[in-house]
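Examining the three-dimensional arrangement
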Amino acid sequence: MSSSRTLVPGSITVAVFLGGIFLLSCSSKNTKLDQYYVQGQALYEKNCSNCHQKNGKGLGLVYPPLADNNYFTDHLDDSFCEMKYGKKGSILVNGKEYNKAMPGVPSLTELEIAEIATYITNSWGRENGIVDIQRVKQALDKCSAP
Ligand code: HEC
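For clarity, every value in this text was computed on a predicted model and none was experimentally measured.

Turning our eyes to something else, we now look at the overall build of the protein chain. Counting its regular elements, the protein chain contains six helices and two strands. Of the regular secondary structure in the protein chain, the N- to C-terminal order runs α-α-α-α-β-β-α-α. Put simply, the protein chain has 146 residues, and 31% of those count as buried. Long-range contacts, defined as pairs at least 24 residues apart, comprise 59% of the intrachain contacts of the protein chain with a sequence gap of at least 6. Accessible surface, the protein chain: about 9,300 Å² in total, of which carbon and sulfur atoms supply 57%.

Here you go:
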């Protein structure tokens, strides 16, 4: 009997301890996501929203939307290169053709690109978590300045 009495408080302590670790790791992930999101939003509004608009819906047949379609999330790796080096040629987004050159922003760092992409993939109804800086690095290694 006495052993079961000591066992119960013991397992409660273990449960509380594990729960604490779980909460801590969750909250630190959220903090990083929040940080990327907030920085990404500022960078988006500075570098992208002139054309793609604050609401991500783009503008007519001139600037394609980044919200309301899966194009962005389906072409995530391409988007890193486009942000840095720009984009030319016709593309089909949401069934509409766009064909106007987008200027790149060569000064964007890998972290800044990850932050902008995190902002876009977690805005306008999306919740896709953090875009990892390593993924940006790998994609950028495969494309280069035109
Ligand atoms: C001067 C206007 C302009 C700015 C600024 C601009 N874009 Fe674009 N963007 C365009 C145009 C035009 C296209 C279509 C290019 C084409 O026709 O090939 C485009 C295409 C894209 C695409 C691929 C299509 C899509 O809908 O997913 C992505 C992704 C994108 N832009 C992201 C960005 C991001 C992120 C920024 C900020 C770092 C940015 N753009 C800044 C004009 C702009």
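Running from N to C, helix α4 (residues 76-85) and helix α5 (residues 110-121) cross one another at 125 degrees; their axes reach a closest spacing of 10 Å. One finds that α4 runs oblique with respect to α5. Crossing angle aside, the handedness with which α4 passes α5 is right-handed. Here L76, F80, M83 and K84 of α4 come into contact with α5, specifically with I113, I116, A117 and T121. Its residues placed into classes, the contact of α4 with α5 shows six nonpolar, one polar and one charged.

What follows is about unusual backbone geometry. You will see that Q53, though not glycine, has its phi angle at about 75 degrees, which is positive. Structurally, Q53 is set in the loop between α2 (49-52) and α3 (71-74). In this structure, N94 is a non-glycine residue whose phi angle is positive, near 55 degrees. Its place among the elements puts N94 in the loop between β1 (91-93) and β2 (96-98).

Thresholds, definitions, all that
Each chain has its residues counted from 1, following the order in which its sequence is written. With pLDDT at 70 or above as the cut-off, local features in this predicted model cover only qualifying residues; side-chain atom pairs require 80 or more to be listed or tallied, and sums for whole chains, interfaces and linings still use all residues. The side-chain numbers reported here are obtained from all heavy atoms of the structure, hydrogens and water having been left aside. Under the scheme used here, helices are H or I runs from DSSP no shorter than 4 residues and strands are E runs no shorter than 2 residues, and both carry numbers assigned from the N terminus. Burial classes follow relative accessibility: with a 1.4 Å probe on protein chains only, a residue under 20% of its type's maximum area counts as buried, one over 50% as exposed, and anything between as partly exposed. Contacts are assigned to residue pairs that have any heavy atoms within 4.5 Å of one another. For the area figures, the Shrake-Rupley method with a 1.4 Å probe applies, and any residue is considered shielded solely by the protein chains shown. Working convention: axes come from line fits to C-alpha atoms, limited for helices to the stretch in contact. Angles between N-to-C directions cover 0 to 180 degrees. Here roughly perpendicular refers to angles of 65 to 115 degrees, roughly parallel to angles under 35, roughly antiparallel to angles over 145, and oblique to all remaining angles. A crossing counts as left-handed when the near helix is turned anticlockwise from the far one by less than a right angle, and as right-handed when that turn is clockwise. Ten residue types, Ala, Val, Leu, Ile, Met, Phe, Trp, Tyr, Cys and Pro, are classed as nonpolar, four, Asp, Glu, Lys and Arg, as charged, and the remainder, Gly among them, as polar.

Interpretation note: all reported values are geometric properties and have no functional meaning in isolation.
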